[in-house]
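Take a look at the letters that make up each chain.
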Amino acid sequence: MTEPPGRRERKKAATRQKIADTALRLFLERGYEAVGIREVAAEADVAVTTLFSHFASKEALVFGQDAAFEKGLTEAVTDRAPHEPLIPALRREIHAMVRHCTADGVAEIWRMIDETPALREYEDSMRLRHAESLATAIAADPGLSQSTTACRTIARFVIDAYSLGREAADPETAVDEIFRMIDAAWEVTCRSLEG
């Protein structure tokens, strides 16, 4: 007998969420460095191999939205409405990411990340990967016709807008301010291509 479509995916997602929630709880209770992978697996009632089938590393346990954020960024480019300008679509996505990462209860997680060199390093590499994925999506859009350097630069600016917005006292205003600069830079780049 086979499972109905989607059931397996829902079970996998629930297991992944349970592992991530368990890991964050243990890390916040006892400190990131004091908790091992085996402890997280045991507490989540899964095998270590199951944990690693969902998360590539201990650091990845803290950044459970990594893949969703990366996908959201690329889809802001690829799934935007026909003739919708690029920058407003990216601004909406960054606002959504910043809202998620500044919601109630996450300050303690960011404090742990800021105080843990391995987590800061992982976040830096994650941001670079997101920027490269975004640059690739921008470069692949036939309506944008920009150089690789322009695509990579604007992607880095967008990723930095997320980081700066998340850290700002007024995240929404900060993101809007940053995106005014990004929009101006993009317009200059587009005009120079036309000229």
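Residues numbered from 1 in each chain as written. Predicted model: local features only at pLDDT ≥ 70, side-chain atom pairs only at ≥ 80, totals over all residues. Heavy atoms only, no water.

### Some thoughts on the overall build of the chain
In terms of helices and strands, the chain carries 9 helices and 0 strands. Across the chain, helices and strands are ordered from the amino to the carboxyl terminus as α-α-α-α-α-α-α-α-α. Expressed as lengths along the three principal axes of its C-alpha atoms, the size of the chain is roughly 60 × 50 × 25 Å. Going through the 195 residues of the chain one by one, you find that 42% of them count as buried. (Helix = DSSP H or I, 4+ residues; strand = E, 2+ residues; numbered from the N terminus. Buried < 20%, exposed > 50% of the residue type's maximum accessible area, 1.4 Å probe, protein only.)

### Considering the side chain of Thr22
Checked against the element boundaries, Thr22 lands in helix H1 (residues 7–30). Overall, the relative accessible area of 8% leaves Thr22 in the buried class. Discounting chain neighbours no more than four positions away, the residues touching Thr22 are Val40, Glu43 and Ala44. (Contact = heavy atoms within 4.5 Å.)

### A few points about the packing of helix H5 (residues 86–101) against helix H8 (residues 148–167)
How two helices pack is summed up by the angle between their axes together with the distance between the axes. The geometry of H5 relative to H8 is characterised by a closest axis approach of 9 Å and an angle of 30° between their N-to-C directions. Note on packing geometry: the crossing formed by H5 with H8 is right-handed. Residues Ile87, Leu90, Ile94, Met97, Val98 and Cys101 of H5 form the contact with H8, whose participating residues are Ile154, Val158, Ala161, Tyr162, Gly165 and Arg166. Grouping the constituent residues of the contact of H5 with H8 by class yields 10 nonpolar, 1 polar and 1 charged. (Axes fitted to C-alpha atoms, helices over the stretch in contact; angles between N-to-C directions. Left-handed = near helix turned anticlockwise from the far one by under 90°. Nonpolar A, V, L, I, M, F, W, Y, C, P; charged D, E, K, R; others polar.)

### Focus on the packing of helix H4 (residues 66–78) against helix H7 (residues 117–140)
H7 packs onto H4 with a crossing angle of 20° between their chain directions and a minimal axis gap of 9 Å. With respect to their mutual orientation, H4 and H7 come out roughly parallel. Taken as a pair, H4 and H7 cross one another with a handedness that is right-handed. Residue-level contacts link Asp66, Phe69, Glu70, Leu73, Thr74, Val77 and Thr78 of H4 to Tyr122, Met126, Arg129, His130, Ser133, Leu134, Ala137 and Ile138 of H7. Each residue belonging to the contact of H4 with H7 can be placed in one class, and the counts come to 8 nonpolar, 4 polar and 3 charged. (Parallel < 35°, antiparallel > 145°, perpendicular 65-115°, else oblique.)

### Topic: unusual backbone geometry
With a phi angle near 60°, Asp45 is a residue other than glycine that sits in the positive phi range. One can find Asp45 in the loop between helix H2 (37–44) and helix H3 (48–54). Residues other than glycine seldom take positive phi values, yet His83 does so here, at roughly 70°. Here His83 is to be found in the loop between H4 and H5.

### A few points about the environment of Met181
On the secondary structure map, Met181 appears in helix H9 (residues 171–194). For Met181, a relative accessible area of 53% gives the class exposed. The spatial distance from the C-alpha of Met181 to the C-alpha of Phe157 is 9.4 Å, given a sequence separation of 24 residues.

### Thoughts on the confidence of the model for the chain
On average, residues of the chain carry a pLDDT of 91, and 96% of them reach 70 or more. Per-element averaging of pLDDT across the chain places H9 at the bottom with 88 and H2 at the top with 96. (pLDDT = per-residue confidence, 0-100.)

### Section: the side chain of Thr116
Positionally, Thr116 belongs in the loop between helix H6 (107–115) and H7. At 2.7 Å, the side chain of Thr116 forms a polar contact with the backbone oxygen of Met112. Residues within four places of Thr116 in sequence aside, it is in contact with Tyr32 and Glu33. (Polar contact = N/O pair within 3.5 Å; in protein donor to acceptor, adjacent residues only side chain to side chain.)

### Thoughts on the nonpolar core
Counting 57 residues, the largest nonpolar core has Phe27, Val40, Leu61, Val62, Ile94, Ile138 and Phe179 as the members making the most contacts within it. Contributing elements (two or more residues each) for this core: H1, H2, H4, H5, H6, H7, H8 and H9. (Core = buried A, V, L, I, M, F, W, Y, C linked by side-chain atoms within 4.5 Å.)

### Let's talk about the environment of Glu132
Mapped onto the fold, Glu132 is located in helix H7. Note on Glu132: relative accessible area 30%, which makes it partly exposed. Placed 72 residues apart in sequence, Glu132 and Ala60 show a C-alpha to C-alpha distance of 19 Å.

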